[in-house]
Amino acid sequence: MFGFLKKKRKSLIGLDIGSNVVKILRLDVSGDRPLVTHFAMSDLPPEAIVDGEVMDRELVIQAIQECADKAEIPNEPVASAVAGRAVIVKKIVMDQMSEEDAREAIYWEAEQHVPFDIDDITLDFEILNEDIGADQMELLLVAAKKDMILSHADLIRDAGFTPLVIDVASFANQNAWEFASGEAVQLPEIDEADLAAEPSDEMDEFLGEEEADGAEEETAAAEEEGEFVALLDVGGGVTNVHIVKDGVPYFTRDLPIGVAQFSEEFQKQLGLTYESAQSVSRGHIDDVDEQLVEDIVRTVGAEIYQGLEPSLSYLKTSGETDGIDRIVLSGGGAHLPGLCNYLAESYDIPADISDPLSILDYDPDLFVGTDSEELSPLLTVAVGLALREGVQS
Ligand SMILES: Nc1ncnc2c1ncn2[C@@H]1O[C@H](COP(=O)(O)OP(=O)(O)OP(=O)(O)O)[C@@H](O)[C@H]1O
Ligand SMILES: [Mg+2]
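Let me sum up the structure you'll find in this document. Note that this is a predicted model, so its numbers are computed, not measured. (Residues numbered from 1 in each chain as written. Chains lettered and ligands numbered in written order. Predicted model: local features only at pLDDT ≥ 70, side-chain atom pairs only at ≥ 80, totals over all residues.)

1. A short note on the site of ligand 1
Counted only if it meets this: In this analysis a residue is considered near a molecule or strand if the C-beta atom, reconstructed from its backbone, is found within 6 Å of that molecule or strand. Under this grouping Gly is polar, as are all residues other than the nonpolar Ala, Val, Leu, Ile, Met, Phe, Trp, Tyr, Cys and Pro and the charged Asp, Glu, Lys and Arg. Here the bounds of each domain stem from an automatic or database domain assignment.
Taken together, 20 residues lie near ligand 1, and Gly18, Ser19, Gly235, Gly331 and Gly332 sit nearest. A per-class count over the shell around ligand 1 returns five nonpolar, 13 polar and two charged. Two domains each donate at least three residues to the shell around ligand 1, and these are domain 1 (3-84 + 147-218 + 356-392) and domain 3 (229-353).

Spelled out as structure tokens, the structure:
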């Protein structure tokens with residue numbers, strides 16, 4: 001491919017196949033602000049995806065097609081993501097060498113750091129510090145399981161779409177946050193042929209981030225350089241913890257607590273139906289005992305707090321930081337009543353709820369029947385995907 005023949009994509013479809021809800025969203029990125037042109041979501045039965053793995057392909061394909069039909073989405077290439085557990089992010093130290101040589105040597109190094117067969121993974125890295133003394137350098141290693149990425153791409157093809165980008169959900173979350181907080185990233189070039197042949201090319205995208213010229217208005221988050229931000233995506237059944245600083249992911253892992261665990265406690269302790277408990281999870285507490293709801297959120301939320309501890313000790317013992325500076329909540333559980341406050345108080349740091357729609361233009365009719373503000377955090381991964389504006393020849 002010749003770079004000068006390439007032109008920027010003007011739009012991209014983000015397809016977030018969550019274990020509870022499939023979301024599809026198309027962004028037109030040709031103007032000053034991205035514009036949402038199409039949107040829909042569909043529920044997935046609980047048995048379709050379990051622990052991030054697709055158990056029933058047909059159900060998932062049906063949900064994608066139903067979602068695409070509802071959105072009347074054009075048949076254009078899509079960006080989609082596998083769950084966080086498909087990827088390992090680790091900081092490693094190795095002998096100083098050129099980036100080119102490191103690209104070969106990384107496979108030998110990775111064997112010591114990654115608990116999978118080296119033939120089963122696709123690797124990428126970024127040199128974080130070229131010289132840490134004693135002829136050593138520091139790298140960030142990213143390893144993803146090839147089979148998960150390839151079978152996800154197949155799933156999308158079977159649903160009738162062309163996968164342009166297969167990302168990892170936590171990186172898409174990071175992309176949306178960076179865009180919203182003004183740390184807009186310079187996106188590397190992608191083309192379909194690359195993806196089909198070698199998904200590892202896509203890994204560049206996760207890490208090859210530079211500040212773009214004329215980034216969007218800067219918020220306090222972006223101005224304060226070097227903040228350690230914990231992006232917490234509270235999904236249907238899991239919470240993905242993704243810790244980033246200056247565009248570099250330091251840690252990513254899933255905790256087995258999601259909206260379902262909160263919702264079950266609401267049902268049990270407040271004597272609610274499933275539907276009412278779901279409504280409480282979304283922040284509607286007018287008809288229930290507010291104090292009890294808050295207590296439940298604190299008790300279940302404590303498991304997220306405790307689950308975060310090993311990640312933070314890891315950062316501490318590796319000398320990175322004494323603690324995180326900010327929390328950003330996304331996913332369907334972001335509006336769980338009192339959760340954001342609880343986490344902010346527990347760590348004594350600011351906590352925000354992700355609001356990707358606030359940086360996008362859209363016709364409110366697209367979200368008719370739903371409260372778009374309430375929905376916004378749930379769309380973070382889909383928006384982060386649709387913002388992966390690739391390049392087409
Ligand atoms: N407006 C909403 N529409 C649908 N579900 C919502 C809404 N608001 C909150 N929820 C809750 O959020 C859950 C889905 O959250 P989310 O879409 O983040 O999960 P997911 O991406 O499907 O799951 P995971 O990321 O764990 O695989 C639903 O199960 C529901 O309980
Ligand atoms: Mg999700």
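Resuming the write-up.
2. A closer look at helix α10 (residues 290-317)
Defined as follows: Each helix is a run of DSSP H or I of at least 4 residues and each strand a run of E of at least 2, with the numbering of both proceeding from the N terminus. In this scheme, a helix's expected span is set at 1.5 Å multiplied by one less than its residue total. The bend at a residue is defined as the angle formed between two axes, one fitted to the seven residues ending at that residue and one fitted to the seven starting there. Burial in this document is a count-based property: other C-beta atoms within 10 Å of a residue's C-beta are tallied, and the residue is buried at 20 or more, exposed at 12 or fewer, or partly exposed in between, with C-beta positions derived from the backbone. Our contact criterion uses C-beta atoms placed from the backbone: two residues qualify when those atoms are within 7 Å.
The terminal C-alpha atoms of α10, which comprises 28 residues, lie 39 Å apart, in line with the 40 Å expected from a rise of 1.5 Å per residue. Within α10, the axis deviates most sharply at Glu309, by approximately 30°, and proline Pro310 lies no more than four positions further along. For α10, the full list of buried residues reads Val293, Ile296, Val297, Val300, Gly301, Ile304, Leu308, Leu312 and Leu315. Where α10 is buried, its residues touch β12 (229-234), β13 (239-245), β14 (248-255), α8 (259-270), α9 (274-281) and α11 (339-347). Positioned one or two residues after α10, Gly319 has a phi angle of 75°, which is positive.

3. Notes on the packing of α10 against α11
Test applied: Lines fitted to the C-alpha atoms define the axes, with helices restricted to the stretch that makes contact. Angles between their N-to-C directions range from 0 to 180 degrees. Any angle that falls under 35 degrees is termed roughly parallel, while one over 145 is termed roughly antiparallel, one within 65 to 115 roughly perpendicular, and all others oblique. Each crossing gets its handedness from the near helix: less than a right angle anticlockwise from the far helix is left-handed, clockwise is right-handed.
Look at α10 against α11: their axes get within 10 Å of each other, and the N-to-C directions meet at 55°. By the angle class used here, α10 and α11 are oblique. Two packed elements cross with a definite hand, and for α10 against α11 that hand is right-handed. Note on element contacts: α11 touches α10 through Leu339, Tyr342, Leu343 and Ser346, opposite Val297, Arg298, Gly301 and Tyr305.

4. A closer look at the nonpolar core
Threshold: Only buried residues count toward a nonpolar core: Ala, Val, Leu, Ile, Met, Phe, Trp, Tyr and Cys, linked into one set through C-beta atoms within 7 Å.
Ranked by internal contacts, the top residues of the largest apolar core, which has 98 residues, are Ile24, Leu25, Ile64, Val82 and Ala386. For this core, the leading source of residues is α10, giving eight residues. When sequence neighbours within four positions are dropped, the list of residues in contact with Leu25 reads Gly14, Val36, His38, Phe39, Leu379, Ala382, Val383 and Ala386.

5. Brief notes about the sheet that holds β14
Definition in use: Strand pairing is assigned whenever DSSP identifies at least 2 bridges connecting the two strands.
Strands sit in the order β14-β13-β12-β15-β16 across an open sheet of five strands; the sheet is mixed. A strand with exactly one partner marks an edge of an open sheet, and here the two such strands are β14 and β16 (351-353). Sheet twist, expressed as the mean angle between neighbouring strand axes with direction ignored, is 20°. In the sheet, β12 pairs with β13 via six bridges, with the strands oriented antiparallel. Residue pairing in the sheet places Val229 in a bridge with Val244 of β13. Across the face of the sheet, helix α4 (residues 169-180) comes into contact with β12, β13, β14 and β15 (326-330) while running at roughly 55° to β13.

6. Some thoughts on the environment of Ala302
Positionally, Ala302 belongs in helix α10. In the structure, Ala302 is positioned 37 residues away from Leu339 in sequence and 9.6 Å away in space, judged by C-alpha atoms.

7. Observations concerning unusual backbone geometry
Residue Asp135 is not a glycine yet carries a positive backbone phi of 55°. Among the structural elements, Asp135 can be located in the loop between β9 (121-129) and β10 (136-145). The residue Asp348 is not glycine, and still its phi comes out positive at about 55°. Within the secondary structure layout, Asp348 lies in the loop between α11 and β16. Using a count of 7 C-beta atoms within 10 Å as the deciding quantity, one classes Asp348 as exposed.

8. Topic: helix α3 (residues 146-158)
Operational definition: What the arc covers is the set of directions going from the helix axis to the C-beta atoms.
If you check α3, its first and last C-alpha atoms are 18 Å apart, about what 13 residues at 1.5 Å a residue would give, namely 18 Å. Within α3, burial applies to Met148, Ile149, His152, Ala153 and Ile156. Buried residues of α3, seen end-on, are gathered within an arc of 135° and therefore sit on one face of the element. Of the exposed residues in α3, those oriented more than 90 degrees away from the buried face are Asp147, Asp154 and Arg157. Looking at the packing, one finds that the buried side of α3 touches β2 (11-17), β7 (78-82), β9, β10 and β11 (163-168). Positive backbone phi, at 100°, marks Gly160, one or two positions downstream of α3.

9. Concerning the sheet that holds β9
Read from one edge of the open sheet, three strands run β8-β10-β9, paired in antiparallel fashion. With partners counted over all chains shown, the strands left at the sheet margins are β8 (87-95) and β9, one partner each. For this sheet the average axis-to-axis angle between neighbouring strands, irrespective of direction, equals 25°. Pairing of β8 with β10, which is carried by nine bridges, proceeds in the antiparallel orientation. In the strand pairing of β10, Val93 is matched with Glu138. Docked against the sheet, helix α2 (residues 99-113) engages β8, β9 and β10, running at close to 115° with respect to β9. Together, β9 and β10 form the strand contacts of α3, whose direction differs from that of β10 by roughly 45°.

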